[in-house]
Amino acid sequence: MPDTHTTTVLPHAARKTSVRRRLALGLIIIAVACCIDEVRAQPSTAPDFALRSLERGNQRLSEYRGDVVVLSFWASWCGDCRRALPELNDLYARHRDAGLVMLGINLDRDAERAREFARVLELDFPVLMDADGVVSRLYAVEQVPRIVVIDRDGVMRHVHDSPDAAGSDVLVEEIVALLGN
Amino acid sequence: MNRIFTSALLVALLMALPAIAGENAAVESFRSVDEDAQALKKEVLALNRDLFVLEEELLFPANTQIAVFVSMDVGEFFRLDSVTLKVDDKEVANYLYTEREAEALLKGGVHRLYLGNLKTGDHELVAFFTGEGPPARDYRRGATLSFAKNVGAKYLELRISDSERRQQPEFIVEEWE
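Residues numbered from 1 in each chain as written. Chains lettered and ligands numbered in written order. Predicted model: local features only at pLDDT ≥ 70, side-chain atom pairs only at ≥ 80, totals over all residues.

Participant: Whenever I open this one, the overall build of chain B confuses me. Can you help?
Facilitator: Helix and strand counts for chain B stand at two helices and eight strands. Relative to the compact-globule value of 16 Å for 177 residues, chain B shows a C-alpha radius of gyration of 32 Å, a clear excess of over 25%. Along the longest, intermediate and shortest principal axes, the C-alpha atoms of chain B span 110 × 40 × 25 Å. Expressed as a percentage of the 177 residues in chain B, the buried residues total 13%. For chain B, restricting intrachain contacts to residue pairs at least 6 apart in sequence, the fraction spanning at least 24 positions comes to 67%. (Helix = DSSP H or I, 4+ residues; strand = E, 2+ residues; numbered from the N terminus. Rg over C-alpha atoms; globule rule 2.2 N^0.38 Å. Buried ≥ 20, exposed ≤ 12 C-beta atoms within 10 Å, placed from the backbone. Contact = placed C-beta atoms within 7 Å.)

Right, here's the structure in full:
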């Protein structure tokens, strides 16, 4: 019986072209990946937003351009937030005269719950209500507490998701460095 | 001796000349680079402005464009908090006003609340104003306008003014001719 299985063998020139094409494609993929990493590494402008605050009317982030702003995303059901918020309150008290602005962005659906929480913890900074999660989505908040540090030009410089970040020397150094600029 | 001295002086002068010329050239070069940089900056700003205008013209062409503005006249009876806008029963804008923005409106500023596209025909606009009214109570009022969209841009104004006669704020929606 004749062998019906056939194998197509590319001529030598065609094989070379095929290898070159794959090599070129690989290089392009690597270059694009590097560019993506480069873009990710670039600091980006903090998305602007306006939210209602519990006590001080509506607050818009862009109105604080020229100050160093710390955004603290929190919720009353978050245990780590209960530890972090007093630390942030102290930080705010120490540096507010130097131009530090702190905005607590609360994710609770019940404003009264957030208000009671803020009262018990004696928070001095504005608490903004983001019950619909619009701002949380803008800042890709997947867990709380999250701390975002924004410089005087409105650029996001540092993001902390660790529950211990609020009381850390690293955060203080970052803020002091930005306040000094 | 004099000849040697004169020759030495000439040689020194000849050697110094390129250095002096070089320094002048460097200063001139710097000045030229600075001027070029300034000219480039002006071109970039002009280009940026043109791109912005082009973007608006492409996204919101004049024949389907609708723009809604908010203005405030006085403000003794109403402190503006937010405005929600619906066109043909669909929410298209919801804006929170900060104290600073409300102050700007009171001082004569006009805020472009919404820029969008509408096809020709009859449409309905409903605006809800939320704020603090007399006597320092939460206040929410609506205003409606039915209008015909023709070919050409349509401009609508949401005007908040005080009615001394009624001692209450008035909310008016009107078309710009």
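Participant: Hey, could you run me through the overall build of chain A in this one?
Facilitator: Regarding its fold elements, chain A presents five helices and seven strands. Element order for chain A, N to C, with α for helix and β for strand: α-β-β-β-α-β-α-β-α-β-β-α. Residues counted as buried form 29% of the 181 residues belonging to chain A. Of the contacts made within chain A by residues no fewer than 6 positions apart, 68% connect residues no fewer than 24 positions apart.

Participant: Just checking my understanding: could you explain the domain arrangement of chain B for this structure?
Facilitator: When the parts of a complex come together, some accessible area is lost, and that lost area is often taken as the interface size. Taken domain by domain, chain B holds domain 1 (1-59) and domain 2 (65-175). For domain 1 of chain B and domain 2 of chain B, the distance between their C-alpha centres works out to 55 Å. (Domains from an automatic or database assignment.)

Participant: Help me understand the nonpolar core in this model?
Facilitator: Where a protein is soluble and globular, its nonpolar side chains tend to be buried together. Counting residues in each nonpolar core, the largest one holds 40 residues, and the members touching the most others are Val69, Val70, Met102 and Leu103 of chain A. Apart from residues lying up to four places away in sequence, Met102 of chain A is in contact with Val70, Ser72, Leu88, Tyr92 and Phe125 of chain A. Val68, Val70, Phe77 and Leu125 of chain B belong to the second-largest nonpolar core, a separate cluster that totals 20 residues. (Core = buried A, V, L, I, M, F, W, Y, C linked by C-beta atoms within 7 Å.)

Participant: Sorry if this is basic, but what is going on with the sheet that holds strand 1 (residues 65-73) of chain B here?
Facilitator: Backbone-to-backbone hydrogen bonds pair the strands of a sheet. The strands run either parallel or antiparallel. Residue and element names in this part refer to chain B. Reading across the sheet, the four strands line up as 4-1-7-8 and stay open at both edges, with mixed pairing between neighbours. Of all strands in the sheet, those bounded by a partner on one side alone are strand 4 (110-117) and strand 8 (168-175). Strand-to-strand twist across the sheet, computed as the mean angle between neighbouring axes with direction ignored, equals 15 degrees. Here strand 1 pairs with strand 7 (residues 154-163) via eight bridges, running parallel. Bridge pairing in strand 7 places Val68 opposite Leu156. (Pairing = 2+ DSSP bridges. Axes fitted to C-alpha atoms, helices over the stretch in contact; angles between N-to-C directions.)

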